[in-house]
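Residue-level listing of the chains:
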Amino acid sequence: MFSLNGSSSLNSSVYGVSKGLTRRKIAAPLVVVAAASSNYNQGDGNVVLMENSLNGKREKAPTKPSSVTEKDSKSAVGAGVDDLYDEDSASEDQYVTPWAVTVASGYPLLRDPRYNKGLSFNEKERDGHFLRGLLPPVVISQDLQVKKMMHNIRQYQVPLQRYMAMMDLQERNERLFYKLLIDNVEELLPIVYTPTVGEACQKYGSIFRQPQGLFISLKEKGRILDVLKNWPEKQIQVIVVTDGERILGLGDLGCQGMGIPVGKLSLYTALGGIRPSACLPVTIDVGTNNEQLLNDEFYIGLRRKRATGQEYAELLHEFMSAVKQIYGEKVIVQFEDFANHNAFDLLAKYGSTHLVFNDDIQGTASVVLSGLMASLKLVGGALAEHSFLFLGAGEAGTGIAELIALQISKQTGAPLEEARRKIWLVDSKGLIVRSRMDSLQHFKRPWAHEHEPVNNLLDAVKAIKPTVLIGSSGAGRTFTKEVVQAMALYNEKPVILALSNPTSQSECTAEEAYMWSEGRAIFASGSPFSPVEYNNKLYATGQANNAYIFPGLGLGLIISGAIRVHDDMLLAASEALAAQVSQDNLEKGLLYPPFANIRKISAQIAAKVAAKAYELGLATRLPQPENLEEYAESSMYSPNYRNYR
Ligand SMILES: NC(=O)C1=CN([C@@H]2O[C@H](COP(=O)(O)OP(=O)(O)OC[C@H]3O[C@@H](n4cnc5c(N)ncnc54)[C@H](OP(=O)(O)O)[C@@H]3O)[C@@H](O)[C@H]2O)C=CC1
Ligand SMILES: CC(=O)C(=O)O
Ligand SMILES: [Mg+2]
């Protein structure tokens, strides 16, 4: 049976690779890490045959270089320490062999994030795996480790320090990282995800320590397949890829956008149960137009202006082709934080050949539609009876608008064209109206309705009198007091969603929304806000963020073996999420269920998405499991430690 749960494969991958290794007889977890040659020279002149983890062939290790005995006079290191591999004795202008064989017992086991358990290695494991003396005597449970880590993390006052502590943990002890994140999701989500991940990307060059994903730059053109082979994992199920041009609402961060795929994929695992080893973060580096980064000595990317046109398209095409060639048809490629002048085209181009999904266009649409479905229980009426005004007509804005229109059209039977007339968008030049048609980007054109030109949001609110106001502009504090007051003037319960991330770019704060609407707003935001007290009443704020959708959607695609993403799957995900909002949540003003229940929610979303895939004939995993929700839950990765033989 197909399982995302790592238990069975963990055993085979831990123990299976030992067959070519004869160094000493142990029952230890063994991992051969890919190197130019994976042979192991014992250092005593004996040569050990080892498996090359890339091609499975056994090779003879090179003999020890003669310079071990003939110490180089230029060498700076020595001091009586035996330098078995010539790493230190070689002078800077000599070549050394980069040995990269890791035996996952003893010290290397403690250094292997996938298998390390730190102080949780039990007595038997300490004996069996050569750990005696490498750890202090105490043995503690994983739960106590979680408690300790949370205590330590809470000592940091600066969110970026917490982020770095979490990244360190991920690199040190993967299961503990995920256990921590799953058990404390509401507290840690703002650290590994928005808003802190935004600051981490801005400073990524300075805080960069370990590669957490693949960097594919123009330098790799013509050899992207080989670059993908360099990634140590081979069974990839989800790729999140960015080119760093529109990182949250922070603009072009070039290669430093890597924090986003890394963060999103950690949520795929923590919230959606996809095995960490099946997740591949990718940053495509085609340069950056961010002058500040180009002049920053710590910048980690290519120092050139962004490639465009054919040069850009060719690199992306090579990447997409290589991905399909190496991982097959059913690998999910999630486009994340591309600028809109590429995002729509990439989705259209690869939507019919690959299992692609644009989180900013489609995931955001699904989560917002879900919030609107829930809001109807508070404000009344059907979706078609409401009118919607957006500030921001890019990926998020037009993506959401289109899914709302689709849902209205399905519910009422009205043509899509007619359903779209309920929805208005404002961009940086004002209300999108018919007279602007010729100068509009293609994704804005369906929204160019007949109307007088309107230059700013406040006038647009006064002209349209929407029941729902949605911020998807990336421009902070644009829902001014006058805008919110106008919404409150026309609506008993104005629905106001400030989606832009991170917090600094939010169109308004929760406090402003409640204060300026005199406590009547139904509010949610892309980044989290603490509850607000207004007139002796406590208002909780829901987080309208695509993190509610993509992990469950991805799980649904995987468990059904879906080969394409379909709009009906997005609608199914919206409905599944909205169904999880309880009366109690609504009474507190929450349009979304708490993240604390996210794994259960993701399983429900996955089940509905998978069911839709089967219904649409897009599923390849046959026969269809009888109970998709149970199947989804049972397929989820568990971060609990495994016992080592
Ligand atoms: N909560 C969530 O889950 C998600 C939130 N987002 C957030 O949404 C924001 C936008 O993302 P995305 O749609 O991809 O970005 P885009 O760049 O595609 O779109 C931004 C839109 O906002 C408009 N705009 C920018 N500044 C202003 C302004 N001052 N006044 C009026 N309009 C303005 C732009 O106008 P013009 O076209 O004229 O340039 C454009 O239409 C980001 O902050 C992002 O973090 C995105 C995805 C998910
Ligand atoms: C949440 C998200 O995907 C964004 O802000 O871009
Ligand atoms: Mg995004």
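Cut-offs used in this document
- Every chain is numbered independently, its residues counted from 1 as its sequence is written.
- Chains carry letters and ligands carry numbers; both start at the beginning, A for chains and 1 for ligands, and go up in the order they are written.
- Only residues with pLDDT of 70 or above have their local features reported here, since the model is predicted, and side-chain atom pairs are shown and tallied only from 80 upward, although totals for entire chains, interfaces and linings are computed over all residues.
- Side-chain numbers here rest on the full set of heavy atoms in the structure, without hydrogens or water.
- Note that water is not among the atoms used; donors are N, O and S atoms within 2.8 Å of the metal (3.2 Å for Na, K and Ca), so sites may look incomplete.
- Strands here are runs of E lasting at least two residues and helices are runs of H or I lasting at least four, both read from the DSSP assignment and numbered beginning at the N terminus.
- Exposure classes here rest on a 1.4 Å probe applied to the protein chains alone. A residue is buried below 20% of its type maximum, exposed above 50%, and partly exposed in between.
- Near, as used in this document, describes a residue that has one of its heavy atoms within 4 Å of the molecule or strand being considered.
- Identification of polar contacts relies on pairs of N or O atoms within 3.5 Å, with a donor-acceptor requirement for protein atoms, meaning one able to donate a hydrogen and the other able to accept it, and with residues adjacent in sequence counted only if both atoms are side-chain atoms.
- Surface accessibility follows the Shrake-Rupley procedure with a 1.4 Å probe radius. Residue values consider only the protein chains on display as shielding.
- Just so you know the grouping, Ala, Val, Leu, Ile, Met, Phe, Trp, Tyr, Cys and Pro go in nonpolar, Asp, Glu, Lys and Arg go in charged, and all remaining residues, Gly too, go in polar.
- Stacked, edge-to-face and tilted are the three classes for Phe, Tyr and Trp ring pairs, Trp counted by its six-membered ring, which pair at centre distances within 6.5 Å; planes under 30 degrees apart are stacked, over 60 edge-to-face, the rest tilted.
- Two limits define a charge over a ring: the Lys NZ or Arg CZ must be within 6 Å of the ring centre, and within 35 degrees of the ring normal.
- By this rule the span expected of a helix is its residue count minus one, scaled by 1.5 Å.
- What makes two strands pair is DSSP finding at least two bridges between them.
- Fitted lines through C-alpha atoms serve as axes, helices being fitted only where they are in contact, and the angles separating the N-to-C directions of these axes extend from 0 to 180 degrees.
- In what follows, residue pairs with any heavy atoms lying within 4.5 Å of each other are defined as contacts.
- Should an angle fall under 35 degrees it is taken as roughly parallel, and over 145 as roughly antiparallel, whereas 65 to 115 is taken as roughly perpendicular and any remaining angle as oblique.

1. Section: the coordination of the magnesium ion (ligand 3)
By definition of the ideal shapes, a tetrahedral metal site with four donors has angles of 109.5 degrees and an octahedral site with six donors has angles of 90 or 180 degrees.
Working step 1: Taken together, Glu336 (OE), Asp337 (OD) and Asp360 (OD) make up the protein donors of the magnesium ion (ligand 3), found 2.1 Å from the metal.
Working step 2: As a motif over one chain, the donors of the magnesium ion (ligand 3) read E-D-x22-D. Placement of Asp337 in the loop between strand E8 (332–335) and helix H14 (340–350) and of Asp360 in helix H15 (residues 359–379) is noted, with a sequence separation of 23 residues between them.
Working step 3: For Asp360, a relative accessible area of 5% puts it in the buried group.

2. A short note on the site of ligand 1
Working step 1: Lining the immediate environment of ligand 1, one finds 26 residues, of which Arg246, Asn340, Ala393, Ser428 and Lys444 sit closest.
Working step 2: A distance of 2.9 Å is found between an oxygen atom of ligand 1 and a backbone nitrogen or oxygen belonging to Ala396.
Working step 3: For ligand 1, whose accessible area on its own is 930 Å², the fraction buried by protein is 83%.
Working step 4: At the level of elements, H15 and helix H16 (395–412) are the ones that each hand at least two residues to the shell around ligand 1.
Working step 5: A class-by-class count of the residues in the shell around ligand 1 yields seven nonpolar, 14 polar and five charged.

3. Re the packing of aromatic side chains
Working step 1: Inspection of every chain in the model, using the stated rule, returns 14 aromatic pairs.
Working step 2: Over the ring of Trp447 we find Arg420; its NZ or CZ atom is 5.7 Å from the centre of that ring.

4. A few points about the site of ligand 2
Working step 1: Neighbouring ligand 2 are the residues Tyr193, Arg246, Leu248, Lys264, Glu336, Asp337, Asp360, Asn501, Asn545 and Asn546.
Working step 2: A distance of 2.8 Å separates an oxygen atom of ligand 2 from a polar atom in the side chain of Asn501.
Working step 3: In the model, an oxygen atom of ligand 2 is placed 3.1 Å from a nitrogen or oxygen of the Asn546 side chain.
Working step 4: Alone, ligand 2 offers 220 Å² of accessible surface; in the complex the protein occludes 91% of this.
Working step 5: Split into classes, the residues belonging to the shell around ligand 2 amount to two nonpolar, three polar and five charged.

5. Topic: H15
Working step 1: Here H15 spans 28 Å end to end across 21 residues, near enough to the 30 Å set by a 1.5 Å rise per residue.
Working step 2: For H15, the buried fraction is high: 18 of the 21 residues fall into the buried class.
Working step 3: The distance from a side-chain oxygen at the start of H15 to the backbone nitrogen of Asp360 is 2.8 Å, and the residue carrying that oxygen is Asn358.

6. Some details on the sheet that holds strand E6 (residues 238–242)
Working step 1: The five strands are arranged E5-E7-E6-E8-E9 in an open sheet whose pairing can be described as parallel. On the outer flanks of this sheet lie strand E5 (214–217) and strand E9 (355–358), each paired with one strand and no other. Taken over all neighbouring pairs, the strand axes of this sheet differ in orientation by 25 degrees on average, direction set aside.
Working step 2: Bridge count between E8 and E9: four bridges; the pairing is parallel.

7. Some thoughts on the environment of Ala573
Working step 1: Mapped onto the elements, Ala573 comes out in helix H22 (residues 567–578).
Working step 2: Assessed through its relative accessible area of 0%, Ala573 is described here as buried.
Working step 3: C-alpha of Ala573 to C-alpha of Val367: the two residues are 206 residues apart in sequence and 8.1 Å apart in space.
Working step 4: Leaving out residues up to four positions away in the same chain, Ala573 has contacts with Ser366, Ile549, Ile605 and Val609.

8. Points about the packing of helix H11 (residues 259–272) against helix H24 (residues 598–615)
Working step 1: The interhelical angle for the contact between H11 and H24, taken along N-to-C directions, is 90 degrees, at an axis separation of 8 Å. Classified by the angle between their axes, H11 and H24 sit roughly perpendicular to one another. Where H11 approaches H24, its residues Thr269, Ala270, Leu271 and Gly272 are matched on the opposing element by Ile598, Arg599 and Ser602.

Honestly, it's all geometry; don't read function into it.
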